[in-house]
Amino acid sequence: MRETGDINNRHQSLLRSRQLSDDAQPYQQFLSQLPDEKTIQAGIARRRLQIQAVIGGTDQDWSNWKWQLKHRIRDSRILGQILGLTQLEMRRIDRVSQVYRWAISPYYLSLVDEDYENSPIYRQAVPDLRELLPGGSLDPMNEALTSPAPCVTRRYPDRLIINVTNQCAMYCRHCQRRRNIGEHDLHACREDIARAVEYVAQNREVRDVLITGGDALLLSDRMLDMLLNKLYHLPHVEIIRIGTRTPVTLPQRITPELCDIIRKYPPIYINTQFNHPLEITPESKQACDRLAEAGAILGNQAVLLRGINDRPYIMRRLNHKLLKIRVRPYYIFHAKDVKGTRHFQTTIQEGMDIIASLRGHTSGMAVPTYIVNAPGGLGKIPLMPNHIMHMDADKAVLMTWEGNIVEISNKKA
Ligand code: SF4
């Protein structure tokens, strides 16, 4: 009898297993159509040679973050020479740059493949005429009204932001903080940073401080060390977070010296912004490995962007690759209605569909929280597909990830 039971169980398990394998097939097929890693890396190496032929620099220079920063590409003719842009394309870039500045690190530009117009890297980096379309606000979050001290943004009871610089390795075309970027690279002055720290010191309910910008890791090692040290020694500050896109756009910034600083002030949480699987390269992996080995806890805050990552399988691939480089997918932000970025916006339904396509189909570790920021700085709203069909004092009727309806007791024991 027992043997018959075992055989039946095995039979059922095999059937279920077959079903699950079938569910995985469309994604497997998607993966099989992607270029392999060797081909991608060969393309990046070719592009790097083209860049070096135009702007110069040795291999040693290439791995130096200060050289990368100094040699950011911000002239349409230089970009044109590297990518083979038409005169019209260069004129369009010049037109946009009269309104919004742009700059691309040589490293990030090396990730643009031959079909540059369709490259998710190019689209995030190179000005587009649609940025000049009307609509949107420069400050949809009313951040200007939430700054009780220089460099400080405070929207929540127990945490706040210190903005230390307006400089970034690249000026992302979808930037949600465009109004901070301004016309020139500018770090906050020592006095303003000191006043921000003083504000934190005087508000003992603040237990979590996010250092961001611009890009927080574009501060010098010395300034960063000084700021972290001051915050670390405030007894009520339990954790420090750093917002940076350098692991994506300037991984050379993550030097052993920087990691020695990070290591001194645990726990440090670092949130970065990978938006597309092609941004995960051997260099960005090394940057994340170094940060993880210095004790930093890494999370990713992707922005959902039309034409970049608004397809469910792209997001799944991104999240899987992030986990492999020790970065936990944390948030997917719905793009805010920021002036000059409307062409990147998706619908909320598209974001929800992406979450539904992840939930259950892959591990919970690879399912970030989808966030809509309430206009006017009223806070984050997490959204997820509705799994509650009905709930009362006796029972809850719930839907599983495959759409099965189940009923469970909701009575107090
Ligand atoms: S790195 Fe961040 S702050 Fe800087 S331009 Fe890109 S999105 Fe904006």
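Quick summary incoming for the structure in this document. Owing to the predicted nature of the structure, the values given are computational and were not obtained by experimental measurement. Every chain is numbered on its own, with residues counted from 1 as its sequence reads. Per-residue local features are limited, in this predicted model, to residues with pLDDT of at least 70; the limit for side-chain atom pairs, both in listing and counting, is 80 or more; totals at the level of whole chains, interfaces and linings are taken over all residues. Heavy atoms from the whole structure form the basis of all side-chain values; hydrogens and water molecules are not counted.

### A short note on the nonpolar core
Grouped together as the largest cluster of nonpolar side chains are 84 residues, with contacts concentrated most on Leu79 and Leu231. Both domains that meet at this core, namely domain 2 (44-132) and domain 3 (143-383), each give it at least three residues. Between two residues, a contact is recorded if the distance between any of their heavy atoms is within 4.5 Å. Ignoring any residue separated from it by four or fewer positions in sequence, one finds Leu231 in contact with Ile162, Val197, Val200, Val209, Ile211, Val237 and Ile240. In this text, buried Ala, Val, Leu, Ile, Met, Phe, Trp, Tyr and Cys residues form a nonpolar core when linked through side-chain atoms within 4.5 Å. In this scheme, a residue with accessible area under 20% of its type's maximum is buried, one over 50% is exposed, and one in between is partly exposed, where area comes from a 1.4 Å probe on protein chains only. Domain borders in the structure are assigned automatically or taken from a domain database.

### Section: the pairing of strand E2 (residues 159-163)
E2 sits mainly inside the fold: four of its five residues count as buried. Only strands joined by at least two bridges in the DSSP assignment are considered to pair. For the purposes of this entry, the term helix denotes a DSSP run of H or I that reaches at least four residues, the term strand denotes a run of E that reaches at least two, and both are numbered from the N terminus. Both strand E1 (residues 152-153) and E2 contribute to a ladder of two bridges, which runs antiparallel. Looking at E2, one finds that Thr153 is bridged to Ile161. In this antiparallel pair of consecutive strands, E1 and E2, the connection spans five residues. Inspection of the sheet shows E2 paired to strand E3 (residues 208-212) by five bridges, in the parallel sense. When the sheet's bridge partners are listed, Asn163 is paired in E3 with Thr212.

### Side note on the site of the ligand
One heavy atom within 4 Å of a molecule or strand makes the whole residue count as near it. In the vicinity of the ligand, the residues found are Cys168, Met170, Tyr171, Cys172, Cys175, Gly214, Arg245 and Gln273. For the shell around the ligand, the residue count by class is five nonpolar, two polar and one charged. Classification used: nonpolar for Ala, Val, Leu, Ile, Met, Phe, Trp, Tyr, Cys and Pro, charged for Asp, Glu, Lys and Arg, polar for all others including Gly.

### Examining the environment of Pro266
Here Pro266 is to be found in the loop between helix H13 (256-263) and strand E5 (268-272). A residue is classified by how much of its surface remains accessible, and Pro266, at 46% relative accessible area, is partly exposed. Separated by 110 residues in sequence, Pro266 and Tyr156 place their C-alpha atoms 23 Å apart.

### Here's the deal with the pattern of salt bridges
Salt bridge, as applied in this entry: a Lys or Arg side-chain nitrogen positioned within 4 Å of an Asp or Glu carboxyl oxygen. Evaluation of the coordinates by the stated rule reveals 29 salt bridges. Here Arg72 and Asp185 are joined by a salt bridge, their closest N and O atoms 2.6 Å apart. With Arg72 in the loop between helix H4 (65-70) and helix H5 (76-83) and Asp185 in the loop between helix H9 (178-181) and helix H10 (190-202), this pair connects stretches of sequence that are 113 residues apart. Overall, the relative accessible area of 28% leaves Asp185 in the partly exposed class. What emerges from the salt-bridge pattern is a single network uniting Asp158, Arg159, Arg207 and Glu238.

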